[in-house]
Amino acid sequence: MPFYIARQAPKLWRKICTETTIEISLVAENWKLLIAGIVFQYIHGLAAHGIHYLHRPGPTLQDAGFFLLPELGQDRAYISETSFTFIFASFVLWTLHPFVFQNKKIYTVLIWCRVLAYLVACQILRIFTFYSTHLPGPNYHCHEGSKLARLPHPKSAIELLVINFSRGVNYGCGDLIFSSHMIFTIVFVRTYHKYGTNRCSKQFAWLLAVAQSFLIVASHKHYTVDVVVAWYTVNLVTFFIDKKLPDLPERPTGLTSLPPLPQSRDWDSKTKEEHLILLTGVTVETAG
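Residues numbered from 1 in each chain as written. Predicted model: local features only at pLDDT ≥ 70, side-chain atom pairs only at ≥ 80, totals over all residues. Heavy atoms only, no water.

Asker: Help me out: how do you make sense of the overall build of the protein chain in this one?
Answerer: For the protein chain, the helix and strand inventory stands at 10 helices and zero strands. By residue count, 43% of the 288 residues in the protein chain fall in the buried class. Within the protein chain, contacts between residues at least 6 apart in sequence are counted, and of these 84% link residues at least 24 apart. (Helix = DSSP H or I, 4+ residues; strand = E, 2+ residues; numbered from the N terminus. Buried < 20%, exposed > 50% of the residue type's maximum accessible area, 1.4 Å probe, protein only. Contact = heavy atoms within 4.5 Å.)

This is the structure we're talking about:
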């Protein structure tokens, strides 16, 4: 076994190098979209941070989910975050699988361009929604008497603009309708459902999304309305974006054909042969 791994390592390395070359060329073509999507994640975090300053704790609103689902409590609230982390990490790893596996149906950069477009559109709607009406947070740290329920007014612009994302995710208050966790979950599951190849994994992903919905409500991170609105809003937004944007190109599978790379008129047959050797590790003998 150690000998087999050592012999296969150079082939895997060539595959990773070739895939990296392809993805770098795609980054060069789409870097503006990628940067815009990443920057807006900060803007969305800034908006959620700002609404916390306006949050006023009050009595928890009557909620059907709180009555019907058993409460996880503070000691088991981590279950919801653990489930979300698993979904998030699984999706990220799936988008990176073309660097390792031969069955390559997607381009990583193009998938993330599409995902960021979904996220930005949904997050814009979310910002307008939770700033329109301020609801008392149902989470335990948002109740009256908690030190985290209200944020003291910022002493400077720097304090306002510097965001602790991990603290905001776990201890934010006021950014309720609709759930950001469900935005990411539904976008990831929908994307995998459309571009993934394993049918059982797709069904399991949808089950995880449904389970995540119940866990969010059971842990009192959101009201039920936050989750319900997320389900139809995110699906409608992604549906209309898919109608407007061209579909992603489906790449050839396996290593029998050259992946599409930026080509110039000077890219002759010798260069193609060298690229095929790099891709497959097999020297092609040309007829003399």
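Having seen the model, we can carry on.
Asker: Any chance you could explain unusual backbone geometry here in plain terms?
Answerer: Trans is the common state for peptide bonds, and a negative phi is the common state for residues other than glycine. In the segment running from I177 into F178, the intervening peptide bond is cis, with an omega of 0 degrees. Residue position: F178 is located in the loop between α6 (165-171) and α7 (180-195). Unlike most non-glycine residues, H220 shows phi in positive territory, near 60 degrees. Mapped onto the fold, H220 is located in the loop between α8 (199-218) and α9 (224-244).

Asker: Would you take a moment to explain a nonpolar patch on the surface for this structure?
Answerer: On the surface, a cluster of nonpolar side chains totalling about 660 Å² of accessible area is made up of V27, W31, I35, V39, Y42, I43, L160 and L161. Among the elements of the structure, α1 (2-54) and α5 (157-161) are those that each provide at least two residues to the nonpolar patch. For the nonpolar patch, the leading source of residues is α1, giving six residues. Structurally, I43 is set in helix α1. (Patch = residues over 30% accessible without salt bridge, like charges linked within 9 Å, V, L, I, M, F, W, Y side chains within 5 Å. Areas by Shrake-Rupley, 256 points an atom, 1.4 Å probe, with all protein chains shown as cover. Salt bridge = Lys/Arg side-chain N within 4 Å of Asp/Glu carboxyl O.)

Asker: I'm lost on the state of the cysteines in this one. Help?
Answerer: Chemically, a disulfide is nothing more than a covalent bond linking the sulfur atoms of two cysteines. In this structure the tally under the stated criterion is one disulfide. Across the disulfide from C142 sits C173; the S-S distance is 2.0 Å. Residues C142 and C173 share a disulfide whose torsion about the S-S bond is about -95 degrees; that sign makes it left-handed. Of this pair, C142 sits in the loop between α4 (108-132) and α5 while C173 sits in the loop between α6 and α7; the two residues are 31 residues apart in sequence, bridging distant segments of the chain. (Disulfide = S-S within 2.5 Å.)

Asker: Whenever I open this one, the side chain of N235 confuses me. Can you help?
Answerer: By the element assignment, N235 lies in helix α9. For N235, the side chain forms a polar contact with the side chain of R190, separated by 3.0 Å. Beyond its immediate chain neighbours, meaning those up to four positions away, N235 contacts I186, R190 and A230. (Polar contact = N/O pair within 3.5 Å; in protein donor to acceptor, adjacent residues only side chain to side chain.)

Asker: Quick question: what am I supposed to make of helix α3 (residues 78-95) here?
Answerer: Given 3.6 residues to a turn, an α-helix orients residues that are three or four positions apart in the same direction. The end-to-end C-alpha distance of α3 is 26 Å, a good match for the 26 Å that 18 residues give at a rise of 1.5 Å each. Of the residues making up α3, those classed as buried are S80, E81, S83, F84, I87, F91, W94 and T95. For α3, the angular spread of the buried residues around the axis is 165 degrees, confining them to a single face. Turned more than 90 degrees away from the buried face of α3 sit Y78 and L93, all of them exposed. (Expected span 1.5 Å × (residues − 1). Arc of directions from axis to C-beta.)

Asker: Would you explain the packing of aromatic side chains in this entry?
Answerer: Tallied over the entire structure, the rule returns 14 aromatic pairs. Each ring, one from F91 and one from F188, has its centre 4.3 Å from the other, and the planes form 10 degrees; the classification is stacked. Taken together, the residues span a long stretch of sequence, with F91 in helix α3 and F188 in helix α7 at a distance of 97 residues. Residue class for F91 comes out buried when judged on its relative accessible area of 5%. Residue class for F188 comes out buried when judged on its relative accessible area of 2%. By the ring-pair criterion, three or more aromatic residues cluster together here, those being F84, F88, F91, W94, W112, F184, F188 and Y192. (Phe/Tyr/Trp six-rings, centres within 6.5 Å; stacked < 30°, edge-to-face > 60°.)

Asker: Help me out: how do you make sense of the nonpolar core in this one?
Answerer: Taken as a class, soluble globular proteins show a tendency for nonpolar side chains to be buried jointly. Among the nonpolar cores identified, the biggest contains 41 residues, and I111 and V187 are the most heavily contacted of them. Among the elements of the structure, α1, α3, α4, α7, α8 and α9 are those that each provide at least two residues to this core. When near neighbours in sequence (up to four residues on either side) are disregarded, V187 contacts V115, Y118, L119, V234 and T238. Residues F40, A47, I51 and V120 belong to the second largest nonpolar core, which totals six residues. (Core = buried A, V, L, I, M, F, W, Y, C linked by side-chain atoms within 4.5 Å.)

Asker: Where do I start with the environment of A121 in this structure?
Answerer: Here A121 lies in helix α4. Aside from chain neighbours lying at most four places away, what touches A121 is V237 and I241.

Asker: What is the right way to look at the UniProt feature "transmembrane region" (unreviewed entry) in the protein chain in this model?
Answerer: Sites flagged by UniProt as "transmembrane region" (unreviewed entry) map to residues 77-97, 109-131 and 169-192. Taken end to end, residues 77-97 is 86% helix and 0% strand, and its two terminal C-alpha atoms sit 31 Å from one another. The span residues 109-131 is 100% helical and 0% strand by assignment, and the distance between its end C-alpha atoms comes to 32 Å. (UniProt positions renumbered as here; feature names shortened; annotations may be inferred.)

Asker: Just checking my understanding: could you explain the packing of α4 against α7 for this structure?
Answerer: How two helices sit against one another is set out by the angle between their axes and by the gap between those axes. Put simply, α4 and α7 touch, their axes get as near as 10 Å, and they point 150 degrees apart. Handedness of the crossing formed by α4 with α7: right-handed. Between α4 and α7, the contacting residues are I111, W112, R114, V115, Y118, L119, C122, Q123 and R126 on the first element and S180, I183, F184, V187, F188, T191, K194 and Y195 on the second. Of the residues that constitute the contact of α4 with α7, the class distribution is 11 nonpolar, three polar and three charged. (Axes fitted to C-alpha atoms, helices over the stretch in contact; angles between N-to-C directions. Left-handed = near helix turned anticlockwise from the far one by under 90°. Nonpolar A, V, L, I, M, F, W, Y, C, P; charged D, E, K, R; others polar.)

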